Amino acid sequence: MTKIDTGTALVTGADRGLGFGLTQGLLERGWRVFAGQYMPEWPQLEELRAQYPDALQPVPLDVASIASVRAAAQTVGTASERVDLLINNAGVTSRTNRTPISERLDYDEAHRLYNVNALGPLRVVEAFLPLVAESVLKRLCFVSSEAGSINRAERTAWYAYCMSKAALNMGVKIMFNDLRSQGYTFRLYHPGWIRSYMGGTKSDDADLEPEEAATYALPFFLRARADEDRLVLMDYLGREWPF
Ligand SMILES: NC(=O)c1ccc[n+]([C@@H]2O[C@H](COP(=O)([O-])OP(=O)(O)OC[C@H]3O[C@@H](n4cnc5c(N)ncnc54)[C@H](OP(=O)(O)O)[C@@H]3O)[C@@H](O)[C@H]2O)c1
């Protein structure tokens, strides 16, 4: 079982919400963090950088754009010879989630969600794989959702979000089949219901503050598992979800 206490991480969607909480939590644990910055106008990362000028480096990163993801990998590769922990956190939801099939679905919006939530992590892993290959830990983490579980699906709408997360889960499973034998380790995760910015403004009716959600997530991302050869979708309370 491979265990390391600190190292170098990349977190996508790190400006605010869970990604910011994960970045902060890793810095507190002594990690060096490249923080994917999608919203340069949002001040939190720069404020955190003042606290951790050597350990935190924001990097422009739009997971919907292969050019942006490749440029970010280039920037990180110039500053560091490896990435030990790659956290695919960036995700989007939709204001049109509640539209039922009897009404007109917004297909442009569905494409946007699929592009960010399902294809974004593939772009990121593809571009950063040479840097992760240099690591001993080789850890690839994916923030998915209970919404991606087909087996437990109960919603009667939310097509685009749920389908994008189910597609992410399949993408991670294929990647696991491909890369596990090369020493890569995988974490697929549902972070709980977070008071985040997914609706555009910070929500106040969910269970967890983003920082609190990060304190649940980080041990799962960092801890060794006895059974690395089995891909599991785990939630913040340590419950396994069926695919
Ligand atoms: N919130 C929940 O209850 C919940 C539940 C289950 C799973 N999740 C998952 O948890 C992850 C984090 O969500 P969160 O709740 O922290 O949401 P959040 O507060 O909206 O944070 C996500 C961050 O990612 C950014 N982002 C959006 N599109 C991006 C792109 N193309 N490239 C890079 N970054 C991008 C967002 O920017 P903008 O604000 O400009 O979009 C935002 O800064 C997501 O994958 C989400 O699906 C959340």
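For the structure itself, look to the data block above.
Now for a quick tour of the structure. Note that the coordinates shown come from a computational prediction; the quantities given were computed from them, not determined experimentally. (Residues numbered from 1 in each chain as written. Predicted model: local features only at pLDDT ≥ 70, side-chain atom pairs only at ≥ 80, totals over all residues.)

### Overview of the pairing of strand E6 (residues 185-190)
- For E6, the tally of buried residues reaches 6 of 6 residues, placing the bulk of the element in the interior.
- Of the two faces of E6, both are covered, the one formed by Thr185, Arg187 and Tyr189 as well as the one formed by Phe186, Leu188 and His190.
- Where strand E5 (residues 139-143) lies against E6, 5 bridges are found, and the strand directions are parallel. In the strand pairing of E6, arginine 139 is matched with threonine 185. (Buried ≥ 20, exposed ≤ 12 C-beta atoms within 10 Å, placed from the backbone. Helix = DSSP H or I, 4+ residues; strand = E, 2+ residues; numbered from the N terminus. Pairing = 2+ DSSP bridges.)

### Considering the site of the ligand
- The environment of the ligand is made up of 30 residues, and the closest members are Gly13, Gly17, Tyr38, Gly91 and Ser196.
- Of all the elements, helix H1 (residues 17-28) adds the most residues to the shell around the ligand, at 3 residues.
- The class makeup of the residues in the shell around the ligand is 17 nonpolar, 10 polar and 3 charged. (Near = placed C-beta within 6 Å. Nonpolar A, V, L, I, M, F, W, Y, C, P; charged D, E, K, R; others polar.)

### What about the packing of helix H3 (residues 66-79) against helix H4 (residues 107-133)?
- In contact at an axis separation of 9 Å, H3 and H4 are set at 20 degrees when each is read in the N-to-C sense. Here H3 is positioned roughly parallel relative to H4, judged by the angle of their axes. Crossing handedness for the pair H3 and H4: right-handed. On the side of H3, the interface is formed by Ile66, Val69, Arg70, Ala73, Val76 and Gly77, while H4 contributes Arg123, Val124, Ala127, Phe128 and Leu131.
- For the contact of H3 with H4, the residue count by class is 8 nonpolar, 1 polar and 2 charged. (Axes fitted to C-alpha atoms, helices over the stretch in contact; angles between N-to-C directions. Parallel < 35°, antiparallel > 145°, perpendicular 65-115°, else oblique. Left-handed = near helix turned anticlockwise from the far one by under 90°. Contact = placed C-beta atoms within 7 Å.)

### Observations regarding helix H6 (residues 210-222)
- For H6, spanning 13 residues, the distance from its first C-alpha to its last is 18 Å, which sits close to the expected 18 Å at 1.5 Å a residue.
- The largest bend in H6 is about 25 degrees, located at tyrosine 216, with the proline proline 219 one to four residues further on.
- Within the span of H6, buried status applies to Pro210, Ala213, Ala214, Ala217, Leu218, Phe221 and Leu222.
- Where the residues of H6 are buried, they touch H1, strand E4 (85-88), E5 and E6. (Expected span 1.5 Å × (residues − 1). Bend = angle between axes of the 7 residues up to and from the residue.)

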